[in-house]
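# A closer look at the structure
Next come the chains, spelled out residue by residue.
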Amino acid sequence: MVKIRLSRGGAKKRPYYRIVALDHHNRRDGRPLEFLGTYDPAQQPEKVEFQSDRIEAWVAKGAKLSPAVASLMKRAAKRAATGAV
C-alpha cells in the first residue's frame with residue numbers, strides 16, 4: 001500500500017518536511033516514489049506547498065493520506081478559501 005506522508009529534513013530544532021508518496025514498508029525518510037510538496041512550520045504563517053493534482057492521482061490509485069498530511073491539506077484549503085496569504 002502507498003502512503004502519502006511527511007518526510008523530515010532540516011537541521012536540529014529547525015524542522016522542514018517534504019510531502020512524499022512511499023510504500024508503507026519503507027521507513028519515514030526512505031526513498032520515496034514521488035515528491036509531492038513541502039511544509040515549513042518555522043515560517044510565520046507556516047508555508048505549505050503541494051501538487052494537489054498529483055496527490056489526487058495517487059489517492060485515485062489507492063494511496064492513503066496520513067493524518068498529518070490530511071490536516072495540512074485541509075488547513076491550506078481553508079486558508080485559500082478565506083483569502084489569507
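Residues numbered from 1 in each chain as written. Predicted model: local features only at pLDDT ≥ 70, side-chain atom pairs only at ≥ 80, totals over all residues. Heavy atoms only, no water.

### With respect to the side chain of Ser-7
Along the chain, Ser-7 turns up in strand β1 (residues 2-11). Look at Ser-7 and you get buried, because its relative accessible area is 12%. What Ser-7 contacts, discounting residues up to four positions off in sequence, is Tyr-16, Tyr-17, Arg-18, Val-20, Arg-28 and Asp-29. (Helix = DSSP H or I, 4+ residues; strand = E, 2+ residues; numbered from the N terminus. Buried < 20%, exposed > 50% of the residue type's maximum accessible area, 1.4 Å probe, protein only. Contact = heavy atoms within 4.5 Å.)

### As for the sheet that holds strand β4 (residues 47-50)
A sheet is described by the order of its strands in space; here five strands give the open sequence β4-β3-β2-β1-β5, paired in mixed fashion. Of all strands in the sheet, those bounded by a partner on one side alone are β4 and β5 (64-65). Sheet topology note: the strand β2 (residues 14-23)/strand β3 (residues 34-40) ladder contains five bridges and is antiparallel. The residue of β3 that forms the bridge with Val-20 is Phe-35. Those strands touched by helix α1 (residues 52-60) are β1, β2, β3, β4 and β5, and its axis lies near 125° from that of β3. Contacting β1, β2, β3, β4 and β5, helix α2 (residues 67-82) runs over the sheet at an angle of about 85° to β1. (Pairing = 2+ DSSP bridges. Axes fitted to C-alpha atoms, helices over the stretch in contact; angles between N-to-C directions.)

### Notes on the packing of aromatic side chains
Enumeration according to the criterion identifies one aromatic pair in this entry. Pairing Tyr-17 with Tyr-39 gives two aromatic rings, centres 5.8 Å apart and planes at 25°, and the pair type is stacked. In this pair, Tyr-17 is assigned in strand β2 and Tyr-39 in strand β3, connecting sequence segments 22 residues apart. It is Arg-18 that lies over the ring of Phe-35; its NZ or CZ is 4.2 Å from the centre. (Phe/Tyr/Trp six-rings, centres within 6.5 Å; stacked < 30°, edge-to-face > 60°. Lys NZ or Arg CZ within 6 Å of the ring centre and 35° of its normal.)

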